[in-house]
Every structure is written in C-alpha cells, then in structure tokens.
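# Structural overview
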Amino acid sequence: MTHALPLPADLVTPCLVVDRDVLERNLVAMADRARDRGVALRPHAKTHKCLEIARRQVALGAVGLTVATVGEAEVFADAGFSDLFIAYPLWAAGPRGRGLRALAERVSLRVGADSSEGVELLAGALVGTPAEVVVEVDSGHHRTGVDPERAGDIAVAAQRLGLPVAGVFTFPGHSYGPGQVRPAAADEGQALQQAEAALRRAGVDAGLRSGGSTPTAALVEPAGLNEIRPGVYAFNDAQQVELGSANWDSVALTAAATVVSRHGTSIVLDAGGKVLGADRSAWATGNGRLPDHPEARVTALSEHHATVTFPAGAVLPELGSTVRVAPNHVCAAVNLADVLLVTANGAVVGQWAVAARGRNA
Ligand SMILES: Cc1ncc(COP(=O)(O)O)c(C=O)c1O
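No experiment lies behind these values; they were computed from the predicted model shown. Positions within a chain are numbered from 1, following the residues in the order the chain's sequence is written. In view of the model being predicted, local features appear only for residues whose pLDDT reaches at least 70, and side-chain atom pairs are presented and counted only at 80 or more, with totals across whole chains, interfaces and linings using the full set of residues. Each side-chain value is worked out from all heavy atoms of the structure, with water and hydrogens disregarded.

## Remarks on empty space enclosed by the protein
Any residue with an atom within 4 Å of a point lines the site, the site being either a cavity, points on a 1 Å grid over the protein atoms alone where a 1.4 Å probe fits but cannot get out, or a pocket, an open set with protein on both sides within 12 Å along at least 5 of 7 lines. Grid points are joined across faces, edges and corners, and a volume is the space filled by probe spheres set on the points. Counted according to the given criterion, the structure contains two cavities of 30 Å³ or more. One number sums up the size of the second largest cavity: a volume of about 40 Å³. Considering the residues around the second largest cavity, the lining is formed by Glu136, Val137, Asp138, Ser139, His141, Arg143, Thr144, Thr170 and Phe171. Split into classes, the residues belonging to the lining of the second largest cavity amount to two nonpolar, four polar and three charged. Any residue that is not Ala, Val, Leu, Ile, Met, Phe, Trp, Tyr, Cys, Pro, Asp, Glu, Lys or Arg is counted as polar, Gly included; the first ten are nonpolar and the last four charged.

What follows is the structure in structure tokens.
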C-alpha cells in the first residue's frame, strides 16, 4: 500500500485530480537534476497543456517550453511564453506555414526538420524571421529523424535557404520498454554527438544537442546532451512506474473513479477509455493501475467502464467508493479533459484549465 492522502469527498467522478505537492516535488526534482548536470531543461508542455504548470516550470529555471504543434505553441505564446521549440518535423504548407510565421514574429521560435523538402517549406514560411531550424536525428526509436551522419545535409539545406540552424535533437522513444532505458540513453547521447560532428564537417557551427524522454532524463550525461525535454515527469503515470522511472509516491495525476459494479474478484469503475485514454504498450500489465491497490490490474476498458481484477482473496473496494486510477499514458488522458482538479492535503484547492486541449494541429 502507498501512503497517499485520501481523495476529497464529493468528487463528481470520473475526473482528473492533481496532487499539488507531488507535482511540485516532481517539478523541483527535474529542475534540480538539470541544474546539477549542467543541461538546459525545456519541458514538453504536451503532457499538461496547462498554463499554471508551465509557469511553474519556467519559474524553476526551464529555458522555455517544448510543444508538438503550432496550435499548442499559439496557446502558450498567447499566455506570454516567449521561447518555444516545436520539436516536430513540421510540414509548413499553406495555412500552417502562415500560422508558423505569425508565431515566429512574436516569440523566439525553433522548429524541427528531418528532410530537405520539409526545410524548403519552412524556408517559405520563415525566411526573414529569427526562427531557427533544429535537425531531428534518429537515435534508435525509428520514428522521425535522419541518420545522425546525414544531419549535415539537412543543416546545409536550411542555411542555403536562409534559415539559421540551432543544432540537433532526438527523441529516444525506444527507452519505453523494460530494460531499454539505459541502452536508449546511451544511444541518445551518441547520436547527438555524431550529429553535431556531422554538422561541423558540413561547415555548420551550431551548438544545441537536445534530447528527450522522461525515462532517459535520469541518465543524462552533459557530454552527449546540453538540453533535455521530458514531459511526463510532471505527473508520471502507470507506464513510468512499470518501467521503474517513477514510483507510486511520485504519481501526481490520477483519475478519480467510482466503483459502480462488483462481481467475484472484479470491480467496474466509471472511468473508461474516454477518461484514461486507450494507450497500452505491449509490455504494460493492463490499461492503467490503481496506486492504492498495486496488486490489482485494469483488465478491460470500454468507453465508460474500466474492469479491475484483483487476486483471489483480496479485499475489494466497496461499491460506491471512490478510487484513484493512474492512466497508462498521462498525456493521452489529459488531452481528453477540460480541467484538472487541484488537491492539497486531501481537499480541492482549485482547478486548472487544460488550455491547449485538443490543439493537435
Ligand atoms: C519529440 C519529443 N520530445 C520530448 C518528449 C517527452 O518525452 P516523455 O513523454 O518521455 O516525457 C516527447 C514525447 O513523446 C517527444 O515526442
């Protein structure tokens, strides 16, 4: 059992609840870690999409924010955040290009690229603004990003078209698997160093080596990286606990859910996939976890139901009681909510709008 404070009484479930003190501990710990290692922290705001949390991250020393889309960038720019990195190989055609240019005219902006075609579109949108390109390299996740040895080609293409190049970035998403964190962190640092050398050989002098991921942040080596972009660390989730990158005491966001049905060794909760999100990695032990009942597993999820199965002989929560559920992937759950209820010492003390909710373009 964990030592979590009880949930406030009279919550209308399902709802997402943030424990303010746990959140603060997580934010401070990552800010301290970045400071101790001598790397810049640029948290990914897609996790919380909340102005209040982003303000606290910057107050604790973050150099700026990472976002995934122009829409997210617009929400944070409107709120006064002045240093944004869209860590995504944006396809800046048509209206998206015009939106990007408008952003670059009012904030300090960096944008990812991993092809010369993408760079051409970025140039069409951005030339004449101070916006900088960051070349994305593949460190082993095999999603986006070029081979580190090819980073110089993209950087040269950008410079020829009049776009300044800030450096290179990668997302070591292959850290998301049991036993994968340490090798992925090594790949991440190595790929960024290789890519920086490739830029130098191509005559591009650019110093940014930006890495990411919550699991690898614990292993960051300044020789490989000089910026980190973790996002999930603010809240943590069931995946981070199952990977060993967090423990139940550092899970700051949970869905509060009511036990609406009970049969044998299972209960059914009123928080389904429309609240928890449906992400489930092949290695996850279920569709979410109950921090106060680590022995239980969410064994099935439908839109408005989560089935939770307990081992034989376990004491099941009462019908009508409220329990906490940690989503597998907290970013997906937050994007489904309008507000996050903020709690401290077992009472609701406020609520934060999910300001960039649904800004997925
Ligand atoms: C490009 C990029 N950077 C940073 C992150 C943040 O990593 P994490 O979700 O592990 O906190 C992500 C997450 O998907 C990402 O895609």
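## Remarks on the pattern of salt bridges
Salt bridges are identified by distance alone: a Lys or Arg side-chain nitrogen within 4 Å of an Asp or Glu carboxyl oxygen. Counted under the stated rule, the structure contains 18 salt bridges. For the salt bridge of Arg101 with Glu105, the shortest nitrogen-to-oxygen distance reads 3.3 Å. Overall, the relative accessible area of 27% leaves Arg101 in the partly exposed class. For the salt bridge of Glu132 with Arg110, the shortest nitrogen-to-oxygen distance reads 2.9 Å. Note that Glu132 is positioned in strand E6 (residues 132–136) and Arg110 in strand E5 (residues 108–113), a separation of 22 residues in sequence. Through salt bridges that share partners, Arg42, Asp83 and Glu227 make up one connected network. Think of it in three bands: with a 1.4 Å probe and only protein chains considered, a residue is buried below 20% of the maximum accessible area for its type, exposed above 50%, and partly exposed in between. For the purposes of this entry, the term helix denotes a DSSP run of H or I that reaches at least four residues, the term strand denotes a run of E that reaches at least two, and both are numbered from the N terminus.

## Quick look at unusual backbone geometry
For residues that are not glycine, phi is negative in most cases, and the peptide bond is trans in most cases. For the bond from Thr13 to Pro14, the omega torsion is -5 degrees, close enough to zero to count as cis. Of note, the phi angle at His142 is positive, near 55 degrees, even though the residue is not glycine. Turning to its location among the elements, His142 is positioned in the loop between E6 and helix H6 (151–160).

## Some details on the domain arrangement of the protein
Delimitation of the domains relies on an automatic or database domain assignment. Taken domain by domain, the protein holds domain 1 (21–234) and domain 2 (238–353). Between domain 1 and domain 2, the C-alpha centre-to-centre distance is 31 Å. Summed over both partners, the accessible area (1.4 Å probe) lost when two parts come together is defined as the buried area. A buried area of about 1500 Å², summed over both sides, lies between domain 1 and domain 2, and 64% of it is on carbon and sulfur atoms. At the surface where domain 1 touches domain 2, the tally comes to zero salt bridges. The set of elements that each furnish at least two residues to the side of domain 1 that touches domain 2 consists of helix H1 (20–37), helix H2 (51–59) and helix H8 (214–217). Per-element tally for the side of domain 1 that touches domain 2: the top contributor is H1, with five residues. When its residues are assigned to classes, the side of domain 1 that touches domain 2 shows nine nonpolar, six polar and five charged.

## Comments concerning the side chain of Ser213
As for its placement among the helices and strands, Ser213 is situated in the loop between strand E8 (208–211) and H8. The class for Ser213 is buried, based on a relative accessible area of 4%. A distance of 3.3 Å separates a polar atom in the side chain of Ser213 from a polar atom in the side chain of Ser175. Pairs of N or O atoms are called polar contacts if they sit within 3.5 Å, as long as, within protein, a hydrogen donor faces a hydrogen acceptor (for residues adjacent in sequence, only side-chain-to-side-chain pairs). Polar side-chain contacts of Ser213 include one of 2.7 Å to the side chain of Thr216. Note on contacts: a residue pair is in contact if any heavy atoms of the two residues lie within 4.5 Å. Excluding its chain neighbours within four sequence positions, the residues that come into contact with Ser213 are Phe171, Pro172, Ser175, Arg229 and Pro230.

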